[in-house]
Amino acid sequence: MALLQIAEPGKSPAPHQLKRAVGIDLGTTNSLVATVRSGRSEVITDQNDVAIVRSVVHYLDKNKVQVGADAAKVAESDPENTIVSVKRLLGKSLADLAGLELPYHFIDDHSKTLWIQTRSGKKSPIEISAEILKVLYQRSVQALGGDIEGAVITVPAYFDDGQRQATKDAAHLAGINVLRLLNEPTAAAIAYGLDKKTEGIHVIYDLGGGTFDVSVLNFSKGVFEVLATGGDSTLGGDDFDHLIAKWVCEQMGQTALSKAQWRALLDLSKESKESLTEKNSVPLSFSVGDIRWEGVLTQAIFKDLVRPLLDKTLRLCKKVLLDAKVSFDEIKDVVLVGGSTRSPLVREAVATLFGREPLCSIDPEQVVALGAAIQADILVGNQPEGEILLLDVTPLSLGLEVMGGLVEKIIHRNTTIPVTRAQEFTTYKDGQTALIIHVVQGERELVDDCRSLARFTLRGIPPMVAGAAKVRMVFQVDADGLLSVSAKELVTGVESHIEVKPTYGLDESEVTKMLQDSFTHARDDNEQRQLRIQQVEAGRLLEAVKNALAIDGERLLCQQESAAITQKMTELDYAMKNSDVIVIKRACDALNKASENFAAKRMDASIHTALVGQRVDGV
Amino acid sequence: MSETSVTSGELPQNYFELFGLPQDFSVDMQQLRSSYKALLLQHHPDRFAGRDQAEQIKALQKTDWINQAHATLHSLPQRAAYLLQQKGFAVNVHANLSSDPEFLLEQLRLREMLEQIEEKKLPESALQTVMQETKLLQQKEEHYFTSLYHHLSLKNLSADENVLVQKAADSMLKLRFIEKLFEEIEALQHTLLD
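Residues numbered from 1 in each chain as written. Chains lettered and ligands numbered in written order. Predicted model: local features only at pLDDT ≥ 70, side-chain atom pairs only at ≥ 80, totals over all residues.

Let's talk about the confidence of the model for chain A
Residue and element names in this part refer to chain A. When the pLDDT values of chain A are averaged, the result is 81; 87% of them are 70 or greater. Note on residues 1-16: pLDDT under 50 across the span, and 3 contacts to partners over four residues away in sequence or across chains. Contacts of residues 501-521 to residues separated by more than four positions or lying in other chains number 54 contacts, the stretch itself having pLDDT below 50. (pLDDT = per-residue confidence, 0-100. Contact = placed C-beta atoms within 7 Å.)

Here's what the structure looks like:
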């Protein structure tokens, strides 16, 4: 293969042979596009030399659309037709948004798709996101002078399957060929790692407006490998603003603010927070009605206010290092990403935890797009000698519901993708001809605590005794982190397949909560699991003995014998309602013992089938 | 244990051969790591991003195979089970451990220590102690399996092959217990950070 790529001596491939590729950071607040030109990754600006496109979409009459700063200007005067932070709505259902106060007219058509009624008709978050992408795409076409081969689009590491799929759909709608969805922290690491060509372990600390992500990556021998990723999708710089605003309220002795007053106070808080990046203290004044308050916000006060939040991010850093099995002294460097890392307090906290100054030489708001552009350049084959490969991981575990409402994890979190895992399952009841397959995502042991991704049914299994059918489930996660699941009954070859395309995604706070809960509840879960397993086992035994009695009871047993077995069955049935593993286990043993003789008789009766086994359900 | 539905394609069927490692229980982890990366650099679908779909699917299958082989050799119990399977001994990874009171007691003791850790004054250091003891247990078992495997590999095996296989299967199961114990320790480390 390499032979074909050798250029004639003295003639490097002409520049026009390079394919045009871009990296897009589709952000909650701001979006950017970047490309690699003459070996350097740079953002693409508009005619006014502005790189950032505000992620705001305004619908006017007759399907006319404004995107960016112009749209942002009318956000307050025309809130119903101006969609701000659409990224938060991507891959969500109306039910997911319960409790959020949003100014839009949502259409409740009982489907799982989210619709917003605008002046130009009903719009889905996918269409709205596509409008932002179109602007970025148009800008790239103009700047690069031709069609774009493809784009890498970044997503938060914590985006679930539904949110990733929605992002991809938005890109298709905008006419963009998606080369890859790339995790944002990974993109940032590429921007730094490849810029400096430093081998070793990089930690990416990404504190944005609404989310916190931390990832550990290893770069060696041309392979960029994500070792672990974690974070909190409900923690961000906006929380700092809230804390300042609350502090002002306390100082004023005012608690009952109107919505508009609170909004104004939040804006003031944000402004003063940003001023503290360069100053040691900021004077503040705020009025509620006739009451006017004046005060000073100092670095020291601000530090006290945000300390608990910063500590939380540091704890999350320690956890992700645990997952990555990396110790502090193995870390080569720490990279800061996200607007909120401009704060000196954040930098200081990170520096203290890791014992070194974090890297912030690349603009934290551009770094994600710059990294995505490099990956896009590699993926279209512009860097044949680049020998760079990126290995990413699954952020959350993927599994199936099994009997008793338990989750059997098929692919564990932080597994390198692409990956295929297969596991065999069987039927629970005699004569069962269909299996309901329920795919879930999350870390907890009970289905109810995880996020449901998809359900489908495998039909046409020929009736067999429980446990005889063999169903092989195959989970495949591709390099974009998207899952597909297939099921096949091995005896008959009956097959079923699904691309897991949930129409709604995980509520972001749910992800974090689910992840945290899985650790706190690890022990509870284990006990619950044991209990459920024992209950399932007991149910199976009861079913088997009942069937055996129905078939051979009269033929093989005297009345006294069958009464003794029935007695133990009643006892087990009663014990199953108990939530004590040991009680159920004992009742199972008792029934097994009571039916031993019956099992032996059945065995003798059907000796020609040459089955061996002691327990009645095995015969 | 999950049965594979992944096929090797044109790559070597044997995991050790795939990574250029001698077929043995002790594995040079650094070499495994670097061969793994070299293989992925060659076969990962990203290397074929511009090519036709057939080539990309082929690359995806190969990567799956490489990932699966790496995961198997990376884990001690899975590696042990794989070696026994390669020798033609069917081992049931879901089997119960035949009775070994000494090992079970040691397990119980470590588990009890884990359960009480959150009530300890210095839970982190108590956890460190459990971790070190578990590591020792693992090293001991690793050595034991290694020697069992070497015996099994001898050409003129003595009559007691079945006994040896049973012992090796038990040892593999113990390694699995130990792996689970490490998982629990990790979960506790997370809990302590909350």
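A word on the interface of chain B and chain A
At the interface, 25 residues of chain B touch 30 residues of chain A. Listed by contribution, the elements that provide at least two residues to the side of chain B that touches chain A are α2 (29-43), α3 (53-74) and α7 (161-193) of chain B. With 6 residues, the top contributor of residues to the side of chain B that touches chain A is α7(B). Looking at the side of chain B that touches chain A residue by residue, the class counts come to 8 nonpolar, 11 polar and 6 charged. (Helix = DSSP H or I, 4+ residues; strand = E, 2+ residues; numbered from the N terminus. Nonpolar A, V, L, I, M, F, W, Y, C, P; charged D, E, K, R; others polar.)

What about the sheet that holds strand β19 (residues 389-391) of chain A?
Residues and elements named next belong to chain A. Strand order in the open sheet formed by 5 strands is β18-β13-β14-β15-β19, with mixed pairing between adjacent strands. Looking along the sheet, the strands with just one partner apiece sit at the ends: β18 (331-337) and β19. Taking the axes of each pair of neighbouring strands and ignoring which way they run, one obtains an average angle of 20 degrees across the sheet. Pairing geometry for strand β15 (residues 223-232) and β19, over 3 bridges, is parallel. In the strand pairing of β19, F224 is matched with L390. (Pairing = 2+ DSSP bridges. Axes fitted to C-alpha atoms, helices over the stretch in contact; angles between N-to-C directions.)

Some remarks on the pairing of strand β1 (residues 21-26) of chain A
All names here are of chain A. Judged by how many residues are buried, β1 sits mostly within the fold: 6 of 6 residues are covered. Of the two faces of β1, the one holding A21, G23 and D25 and the one holding V22, I24 and L26 are both buried throughout. The pairing of β1 with strand β11 (residues 150-155) spans 5 bridges and is classified as parallel. By the bridge assignment for β11, A21 is matched with G150. Pairing geometry for β1 and strand β2 (residues 30-37), over 5 bridges, is antiparallel. The partner of L26 across the bridge, within β2, is S31. Where β1 hands over to β2, the hairpin turn is made up of 3 residues, counted between the paired strands. (Buried ≥ 20, exposed ≤ 12 C-beta atoms within 10 Å, placed from the backbone.)

Regarding the domain arrangement of chain B
Structurally, chain B comprises domain 1 (15-74) and domain 2 (101-193). A C-alpha centroid distance of 29 Å is found between domain 1 of chain B and domain 2 of chain B. (Domains from an automatic or database assignment.)

Points about unusual backbone geometry
All names here are of chain A. Residues I417 and P418 are joined by a peptide bond in cis, for which omega reads 0 degrees. In the Ramachandran plot, S85 falls in the positive-phi region, its phi being about 55 degrees despite a non-glycine side chain. For S85, the location among the structural elements is in the loop between β7 (82-84) and β8 (105-107). The exposure class of S85 is partly exposed, given the 14 C-beta atoms found within 10 Å.

Here we look at the sheet that holds strand β24 (residues 451-458) of chain A
Residues and elements named next belong to chain A. One open sheet holds the 4 strands; their spatial order is β21-β20-β23-β24, and the pairing between them is antiparallel. What marks the edges here is a single partner per strand, and that holds for β21 (406-411) and β24. In this sheet, neighbouring strand axes are inclined to one another by 30 degrees on average, regardless of whether the strands run parallel or antiparallel. Two strands pair when backbone bridges link them, and strand β20 (residues 398-402) and β21 are joined in this way by 5 bridges, in the antiparallel orientation. Bridging across to β21, E401 finds its partner in V407.

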